[in-house]
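# An overview of the molecular structure
Listed below are the residues making up each chain.
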Amino acid sequence: MGQGWAIRVTGFVQGVGFRPHVWRVAHDLGVRGQVLNDGQGVLIRLWCDATMRDRLMAELRAKAPPLARIETMTVAALALDEKALPDGFEIIASASTQIKTGIVPDAATCPQCVAETLDETNRRYLYPFTNCTHCGPRFTIIKKLPYDRSATTMAPFTMCPDCQSEYDDPANRRFHAQPNACPICGPTVWLEGRDGERLAGDGTVLAQAAELLTQGHILAIKGVGGFHLACDATNQQAVATLRHRKRRPTKPLAVMVKDMAMARTFAEVNEQEAAALSQVAAPIVLLDKKASVLAPNIAQGNQKVGLMLPYSPLHHVLFHHLDIPLVMTSANRSHEPQVIDNQVARDTLGDIVEYYVMHDRAIENRIDDSVVRVNKGRQQVMRRARGFAPLSVPVPDGFKTDVSILAAGPDLKNTFSLCTGGQVIVSQHMGDQDNLLAHEDYRKNIALYGDLYDCQPDVIAHDGHPDYQPTKWAQTKSVEMGAELVAVQHHHAHVVAVMGEYGMALDHPKVLGIVLDGMGLSLEGEIWGGEFLYADYHGFERLAHIPAIPLIGGDQAMKQPWRNLYAHLVNALGWDQVTGRFGGLEVIQQLGAKQLRLCDQMMEKGLNSPLASSAGRLFDSVAAALGICFDQITYEGEAAIVLEQLAMQSPTEAILYDIAGLENWSGLWSGILADLAAGVAASRIAGRFHRSLAAVLCAEVAALAFDHPFQHVVLTGGVFQNSLLLNEVRAALSARGFEVCVPHDFPANDGSLSLGQTLVALAGR
């Protein structure tokens, strides 16, 4: 005699082939029942005994589809009329109920779909939109939940009989694959010139595009989450032209390669890095360059190169006609969001590209390429976007789960977060919010997430900086929504984000957080950026910090490293001593040519020269001393990145500068200037600086441990994306017996702040 059961499955179980998975398992076991999607996930009704029920549940977990992520599976007895059940097991229509299920990120084309796309005998041969339940667009095409075709940008494309047959067959890999299509019924791709004239609109489109790229032309190519700007990555002139037109003079460019063999031609790729390249997220992976035919201006002066593999059928078909790597960088103007609309591409990219590869599958939700690296055998996310977002993370033990929170995030490298039902959904990378278009996109996405998750926040959390655009937005929206407003200190949010990633419970003992970044405001409005915080979810105490040095010219000091160098030298040694001992150095003469009297007046009177304990500006100053970006940087973090690359050339450098303590840098600057005067190689000076700073940081941790009980040390902030510094500090602290926590699934930079803001606000409920 059987029993009725209702099994509720939550997590990422829609649009990933989970219902046919249930159907197959149920058929193999011979049980009767039904399965359907609803707003909470997947609901299974079945008639069997408890032993068979448990066996089915175990099979569901053990053999789940590649993109599925089961978070909970709960059982309730169900009063079922056995006569009303089907003779076997069936999949029934979705039900519209309260939305609690997760949205699955876009997934790179699976091996089966790639094989079909490149198989001359297959009906999808060279079709740029081949997909199945194991791969393809998800987040970028969805408009609402439940995830059905009518709720996506595939709604205008009516499936042909062959596609419909696949879609309706539970035994088929394309059962209920919402973007399912073929050349007969699906989206189409075409090639057009700058004047709008279509040059091709059939099977030759991507072959012609490949030929144009080989000839040195620059193309805009519409992909999964937006347009890319593409050119031959071995053609130095083409790359230079792209840089000039895009006004991106030095920032490294991402490169797409045909396959793993081509990746290994241009970069060192170990086992973990190969896995990172090949994962379903298909991110850009930062790799050590090899001497190769890649154009040197891809990543000038940088030992790393960002490579990615083709992740859509369109890319695979394009590379079917190519044997060269391609620059594949976001199609946008500086600081603006990536272009996703065909007409906007025509209107805004015409002075950059000569040709467009376009298609008619609309991109509903913009998302950029993710960026990762492998460090000490583990992947670290540097930019969390396509393939990772909007996966959620559970709130740690001890937190309330009945409070809804919206965290507005920071101004730079923005993400926002939505907390509902015990899950924190962290948005894709939204970019810098000072740009009007980026902020419009931010507002649009917050509205989208609210609709998708049917969530009205009780609390809105924000950064403490009053001039950040997300802060201003939060203050306005809290009034409109009647939500409580909570300000969260910038560096506290950094530490808490890592605590949350590591799943530390609400009552976890305090940790010591070392937060090194460019800047963030204290609760009193001071500029911080090199902090030692004794913290838990509820609050923090600032135990120590690096010296607070004037930012001469305010925002100008963020862009002109020479200003930070001068301020540091004056603070540490005094300008008279510097010129008296080292006046013959070229860098000191360069500084002497600046308007130093005006700088002195600004510092003396406190005019547009606020004090800042910024680790980012310390790196800028050392870089300037070595002639790196002395006058100007062209993108955030440029000077520090080049300085790290320089230090990597002296991996065995053991000499340390004589730094008396965390707040006394006279020994550092005396040592650097003396080395310059002695003709020591810049790479060795850079190496000595990194290792000296690491030693000082670790000594401070050891000193603080005498008076403050902590076992865990959190290393975070954008400066800790410097792998040399991170690894030096981590190794030294681990050797002293501390548990060192560094971010992996979320960026160390401001891209993780909204997660921290969420958990601080939730801890206060």
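Here, every reference points to the structure presented above.
Everything numeric in this text was worked out from a predicted model, so none of it was measured.

### Notes on the nonpolar core
Core analysis: the largest hydrophobic core is formed by 76 residues, its most contacted members being Trp669, Leu715 and Leu725. Among the elements that take part in this core, helix 22 (residues 682-705) stands out by supplying ten residues, more than any other. Beyond its immediate sequence surroundings of up to four residues, leucine 715 is in contact with Ile514, Phe720, Leu726, Val729, Arg730, Leu733, Val740, Cys741, Val742 and Pro743. If you look at the next biggest cluster of nonpolar residues, it comprises 64 residues, including Ile103, Ile221, Ala408 and Leu452.

### Things to note about the pairing of strand 22 (residues 459-463)
The buried fraction of strand 22 is high, at five of five residues. Relative to strand 22, strand 19 (residues 405-407) runs parallel, the two being bridged by three bridges. Note on strand 22: the bridge partner recorded for alanine 407 is alanine 461. In this sheet, strand 23 (residues 484-488) lies alongside strand 22 in parallel orientation, the contact comprising five bridges. Looking at strand 23, one finds that valine 459 is bridged to glutamate 484. Each parallel crossover has a hand, and for strand 22 linked through helix 12 (residues 469-481) to strand 23 it is right-handed.

### Some thoughts on helix 18 (residues 596-605)
What helix 18 keeps buried is the set Leu596, Cys599, Met602 and Met603. Down the axis of helix 18, the buried side of the element spans an arc of 115 degrees, and every buried residue falls inside it. Away from the buried face of helix 18 by more than 90 degrees, exposed residues Arg597, Glu604 and Lys605 are located. Packed against the buried residues of helix 18 are strand 27 (549-550), helix 15 (561-572), helix 16 (575-582) and helix 17 (586-592). Just downstream of helix 18 lies glycine 606, where phi reads positive at about 70 degrees.

### Some words on helix 16
Taken residue by residue, helix 16 has Trp575, Val578 and Phe582 as its buried positions. Down the axis of helix 16, the sector holding all buried residues measures 70 degrees, keeping them to one side. In this structure, helix 16 carries Asp576 and Gly580 as exposed residues pointing more than 90 degrees from its buried face. Contacts from the buried residues of helix 16 go to helix 15, helix 17, helix 18 and helix 21 (666-677).

### Details of the environment of methionine 382
Along the chain, methionine 382 falls in strand 17 (residues 378-383). Along the sequence, methionine 382 and proline 743 sit 361 residues apart, while their C-alpha atoms lie 9.6 Å from each other. Aside from chain neighbours lying at most four places away, what touches methionine 382 is Leu286, Val371, Val372, Arg373, Gln721, Pro747 and Asn749.

Parameters at a glance
Residues numbered from 1 in each chain as written. Predicted model: local features only at pLDDT ≥ 70, side-chain atom pairs only at ≥ 80, totals over all residues. Heavy atoms only, no water. Core = buried A, V, L, I, M, F, W, Y, C linked by side-chain atoms within 4.5 Å. Buried < 20%, exposed > 50% of the residue type's maximum accessible area, 1.4 Å probe, protein only. Helix = DSSP H or I, 4+ residues; strand = E, 2+ residues; numbered from the N terminus. Contact = heavy atoms within 4.5 Å. Pairing = 2+ DSSP bridges. Right-handed = clockwise from strand over helix to strand, strands pointing away. Arc of directions from axis to C-beta.

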